[in-house]
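# A look at the structure
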Amino acid sequence: MLAASGIGIFIWGTNENAGVYLGRLATLHRESSKTGAAENDMKTIIILFSLAMVGVAAVPFEVSGSGPGSIQITTTPDMAVVSWRDKGGRPWTAEFSLDPAKSLIASIGVNGKTIISRAQPVYRAATGKRRGGFDQFFDFPPSHPDGTRSFIGNFQLTAGRARFEGDRLDISFDGLQLGIFHGSIHYFFFPGSTLIQQRAIVTTDEPDTAFFYDAGIRMTVDEDRRAGGTMETKINYYDPAGKLQTVMSPHVSEWNPVAVRYRTLSAATGVGSVAVFPPPHRYFMARDYTSNMGYLWHSSWRGNVSLGIRQLPDDNSPYYPWMNAPPGTQQELDLFLLLDDRPATAVLDSVLAYTHHDRFITLDGYQTFAPHWHFAYTVQAMEHGVSWTPPFKPVLKEMGVNIAMLMDFHGDGHPSDISDIRLEELKSYFDACRAQSDGNFLLLPSEEMSSYLGGHWGIVFPKPVYWFMKRNPTDPFRTTDPKYGAIYHVGSSEDAIALLRAESGFMYQTHPRTKGSTGFPDQIKDSEQLKSPFHWGGGWKAMNTDLSSPRLGDRGFNTVDDMNNWGLHKRALGEVDVFQIDTTHELYGHMNVNYLQLPATPSFEDWAAALSAISTGKYFTTTGEVLMPHSVIEANADLLTVKVAAVWTFPLRIAEIVWGDGKETHRHIIPLTDTKEFDQKEFTWQMTAPDWKWARLALWDIAGNGAFTTPTWKN
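Below: a short report on this structure.

## With respect to unusual backbone geometry
In this model, F520 is joined to P521 through a cis peptide bond whose omega is 10 degrees. With respect to the secondary-structure elements, P521 resides in the loop between strand 31 (506-509) and helix 8 (528-531). The peptide bond linking M543 to N544 adopts the cis configuration, its omega dihedral lying at -15 degrees. Along the polypeptide, N544 turns up in the loop between strand 32 (535-540) and helix 9 (554-565). Phi is positive for R263, which is not a glycine, with a value near 60 degrees. With respect to the secondary-structure elements, R263 resides in strand 18 (residues 261-268). The class for R263 is buried, based on a relative accessible area of 4%.

As structure tokens, then:
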């Protein structure tokens, strides 16, 4: 009891703010006693105690459906409790407070042991304005006259609900304000898993919005408290060189950014541990350079331990491809938590399995193919010698890339030269690629052009070919040299097409409808090259980013789907399009590969088989977490039967059968909410596709990772 002017006031209840109010009241009482102003301060004291002692009523909470029973939801007057079992059969519970005055997450634990206690989600965002549309890559929002704005999320719980999606549970809470965004906080639970997906779903009505977000979780960890209000919290991660680090989080309120490998931090939380990480690919805005900019952060301050993910506002370049938020869309801002009662380093290692330790795993009968690298390899090899091992080679080999198609002379070398300098550089290109190719690694030489055939396009031949990108009026199209053999002189679109046909070459539209291919292939819709079989189609990469989509790379898909509706037979080819890399880079977040149906890695002396697999569509493309070793689309008139054998790490979200009738693109979405993590299955689906002309299949998981096939055409 605290006495004030002879009035007895008692502290009761369980309000978490009571201690704060009590401290303020004690201070007021001492000061008023000294000044004789106790009577005047009594109204203030009574109001403060009322705030502390009178709990805010619990918000309404609704439950939709009951699920199959693998996850259960129960409620009390002030709590929603999720119960489930992990793959070992151990019982887990997650308790969410329905009292707005308390931490949203009261506790999460296993077998009666608390892993997370009194926790809150953390979100921050920065917003700017787009110029030139949502597919504009060369855009830097901070340079817009309106500037940018930064916001800290404000969460005031107003309502909650639980909804079953197959055998998984989505429990959500309204009341999130994130600057120009507003929405709700969601937690997704998966049977047999200790993976929890934290997602803010937010929307804005402002036009042309570009943004990025930071996210985290703030937990109370009493075990880390030390004398004097300090903390002793150990943070675990793999540094960019791949070495395990355990560091003491500084006792400061600031976020402490850190560059890590595998995009993951972990920390002990008393009897258990927590690891946090972003979606492996969806969180990373497409950049030309994949330097590790420190995408994780941690903080330990006054009883709270916080772990999270973040974006850096810019990388000192004249453009930076922020995420897009078209008006009215539901943007999904994800953060993943992995919990266990094991040590923090063990939980950290468990995260790595979701991306196969950032490696594209071996599949029998397939070789991995990754095109579009601007390493400026040739000019470096000419300086160091062909026996010099370039820094990118061990990186790609460690990631499981079998075939890397380089695109040298893109800002390096002398591609427009029409003298022996060009020929010498081409010979060095071929010699250097040959020297660094081996039994399971092939460096395949190609180039990216920006003239004659529209936008930017990659050109590749089944063998070394010597050619000039310019032609004097008096030069013949083809000449012969005693040292180099046939030499081609290209000075027009007709010459480029003739070269492709003469040497059985191939081309594809790199980064269609963005960057240097803005407006293409649309502007060459009726061109000879686009209609020719040597034109593969368009490159696919996860840019630009719209987090309201369950898939990555909608721009690339839309382009190739449109080309097929034009009556062409075109494919999407996964490409990377980055410049220099080394072992410290965050490359995996930007990566995809094509799995080509090949029994072995082709040698440098005979790489034609790799190009043949692409030109005949014998491949699928993936970010690595979802694989489709076998798939087929069969048709009986307008009835499509789709069969696929799939393997995945994260639980799957949807399958989509995408098809076109020559006018529009259609999607048949199949929820896969009954799939578990780290599983495989053979699926068969049937659907009617009236007047279909082409169809393809894609699978997407809960983190936005995916895989897709090349199209099947009716004729």
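## A short note on the sheet that holds strand 11 (residues 168-178)
If you trace the 10 strands from one edge of the open sheet to the other, you get 3-10-11-12-13-23-19-18-15-16, paired in mixed fashion. Each end of this open sheet is capped by a strand with a single partner; those strands are strand 3 (61-64) and strand 16 (244-248). Each strand axis lies, on average, 20 degrees off the axis of its neighbour in the sheet, ignoring direction. Summarising the sheet, strand 15 (residues 234-238) and strand 18 pair through 3 bridges and their orientation is antiparallel. In the sheet register, I235 faces strand 18, and the bridge partner there is A267. Against the sheet, helix 3 (residues 344-352) makes contact with strand 15, strand 16, strand 18, strand 19 (273-277) and strand 23 (331-340), and its axis sits at roughly 150 degrees relative to strand 18, the strand it touches most.

## A look at empty space enclosed by the protein
Under the definition given, this model contains 6 cavities of 30 Å³ or more. Approximately 220 Å³ is the volume found for the largest cavity. If you go around the largest cavity, you meet 13 residues; those closest to its centre are R261, D358, M399, T583 and H585. Among the secondary structure elements, those contributing two or more residues to the lining of the largest cavity are strand 18 and helix 5 (392-398).

## Section: the environment of D546
By the secondary structure assignment, D546 is in the loop between strand 32 and helix 9. Among the residues examined, D546 registers a relative accessible area of 23% and is labelled partly exposed. Along the backbone, D546 and A210 are 336 residues apart, and their C-alpha atoms lie at a distance of 9.6 Å. Once residues within four sequence positions are removed from consideration, D546 is found in contact with N324, P326 and Q331. At a separation of 2.9 Å, a polar atom in the side chain of D546 contacts the side chain of Q331. Within the local environment of D546, its side chain forms a polar contact with the side chain of S548, the two groups lying 2.7 Å apart.

## Description of the pattern of salt bridges
Going through the model one piece at a time under the given rule, you end up with 45 salt bridges. Notably, a salt bridge pairs R261 with E398, separated by 3.8 Å at the nearest N-O pair. Of this pair, R261 sits in strand 18 while E398 sits in helix 5, and the two are 137 residues apart along the sequence. One salt bridge in this structure joins D358 and R263, with 2.7 Å as the shortest N-O distance. Of this pair, D358 sits in the loop between helix 3 and strand 24 (366-373) while R263 is found in strand 18, placing the two residues 95 residues apart along the sequence. Each member of the pair, D358 as well as R263, carries the same accessibility label: buried.

## Notes on helix 6 (residues 420-436)
Helix length check: helix 6, at 17 residues, gives a terminal C-alpha distance of 24 Å against a target of 24 Å (1.5 Å per residue), a fit within 8%. Among the residues of helix 6, those classed as buried are R422, L423, E425, L426, S428, Y429, F430, A432, C433 and Q436. In the core, the buried residues of helix 6 are packed alongside helix 4 (377-384), helix 5, strand 25 (403-407), strand 26 (442-449), strand 28 (466-468) and strand 30 (485-489).

## Digging into the layout of surface pockets
One number sums up the size of the largest pocket: a volume of about 850 Å³. Lining the largest pocket are 35 residues, with Q120, P121, V122, R218 and N304 positioned closest to its centre. At the level of secondary structure, the elements contributing two or more residues to the lining of the largest pocket comprise strand 8 (113-129), strand 10 (154-165), strand 14 (209-220), strand 20 (296-301) and strand 21 (304-309). In terms of residue class, the lining of the largest pocket is made up of 16 nonpolar, 12 polar and 7 charged.

## Notes on the nonpolar core
Counting residues in each nonpolar core, the largest one holds 98 residues, and the members touching the most others are W373, L396, W467, M591 and W685. In terms of residues, this core owes the most to one element, helix 6, which gives 6 residues. Once residues lying within four places of it in the same chain are set aside, the contact partners of W373 are L396, A404, M405, L406, M407, D408, V576, V578, I581, L587 and M591. The next biggest cluster of nonpolar side chains, apart from the first, holds 79 residues, and it includes I196, A267, M323 and M543.

## Side note on the packing of aromatic side chains
Tallied over the entire structure, the rule returns 44 aromatic pairs. The interplanar angle of 80 degrees and the centroid separation of 5.3 Å between the aromatic rings of F409 and Y429 together place this pair among those described as edge-to-face. Of this pair, F409 sits in the loop between strand 25 and helix 6 while Y429 sits in helix 6, and the two are 20 residues apart along the sequence. Neither F409 nor Y429 differs from the other in exposure class; each is buried. Every member of this aromatic cluster is reached through a ring pair, and the members are F61, W84, W92, F96, F173, Y187 and F189. Directly above the ring of W255 sits R124, whose terminal nitrogen or CZ lies 3.5 Å from the centroid. Lying over the aromatic face of W467, R422 brings its terminal NZ or CZ to 5.3 Å of the ring centre.

## Some details on the pairing of strand 29 (residues 478-481)
In the sheet, strand 29 pairs with strand 30 via 4 bridges, with the strands oriented antiparallel. Looking across to strand 30, one finds that T479 is bridged to I487. Hairpin connection from strand 29 to strand 30: 3 residues lie between these consecutive antiparallel strands.

## Observations regarding the sheet that holds strand 29
Strand order in this open sheet of 3 strands is 28-30-29, and the pairing throughout is mixed. Edge positions in the sheet fall to strand 28 and strand 29, since each has one partner strand and no second. Taking the axes of each pair of neighbouring strands and ignoring which way they run, one obtains an average angle of 30 degrees across the sheet. The strands touched by helix 6 within the sheet are strand 28 and strand 30, with strand 28 carrying the most contacts at an inclination of about 140 degrees.

## Brief notes about helix 7 (residues 493-502)
Residues of helix 7 that are buried: D495, A496, I497, L499 and L500. In the segment just after helix 7, S504 is the residue with positive phi, at about 55 degrees.

## Quick notes on the pairing of strand 6 (residues 91-97)
When strand 5 (residues 79-85) meets strand 6, the two strands line up antiparallel, connected through 7 bridges. Among the inter-strand pairings, W84 is bridged to a residue of strand 6, identified as W92. Hairpin connection between strand 5 and strand 6: a loop of 5 residues separates the two successive antiparallel strands, and G89 in this loop has a positive phi of roughly 85 degrees. Pairing geometry for strand 6 and strand 7 (residues 105-110), over 5 bridges, is antiparallel. What sits directly across from E95, in strand 7, is S107.

What counts as what
- Residues numbered from 1 in each chain as written.
- Predicted model: local features only at pLDDT ≥ 70, side-chain atom pairs only at ≥ 80, totals over all residues.
- Heavy atoms only, no water.
- Helix = DSSP H or I, 4+ residues; strand = E, 2+ residues; numbered from the N terminus.
- Buried < 20%, exposed > 50% of the residue type's maximum accessible area, 1.4 Å probe, protein only.
- Pairing = 2+ DSSP bridges.
- Axes fitted to C-alpha atoms, helices over the stretch in contact; angles between N-to-C directions.
- Contact = heavy atoms within 4.5 Å.
- 1 Å grid on protein atoms, 1.4 Å probe; cavity = no way out; pocket = protein on both sides within 12 Å on 5 of 7 lines; lining within 4 Å.
- Points joined across faces, edges and corners; volume = space filled by probe spheres on them.
- Polar contact = N/O pair within 3.5 Å; in protein donor to acceptor, adjacent residues only side chain to side chain.
- Salt bridge = Lys/Arg side-chain N within 4 Å of Asp/Glu carboxyl O.
- Expected span 1.5 Å × (residues − 1).
- Nonpolar A, V, L, I, M, F, W, Y, C, P; charged D, E, K, R; others polar.
- Core = buried A, V, L, I, M, F, W, Y, C linked by side-chain atoms within 4.5 Å.
- Phe/Tyr/Trp six-rings, centres within 6.5 Å; stacked < 30°, edge-to-face > 60°.
- Lys NZ or Arg CZ within 6 Å of the ring centre and 35° of its normal.

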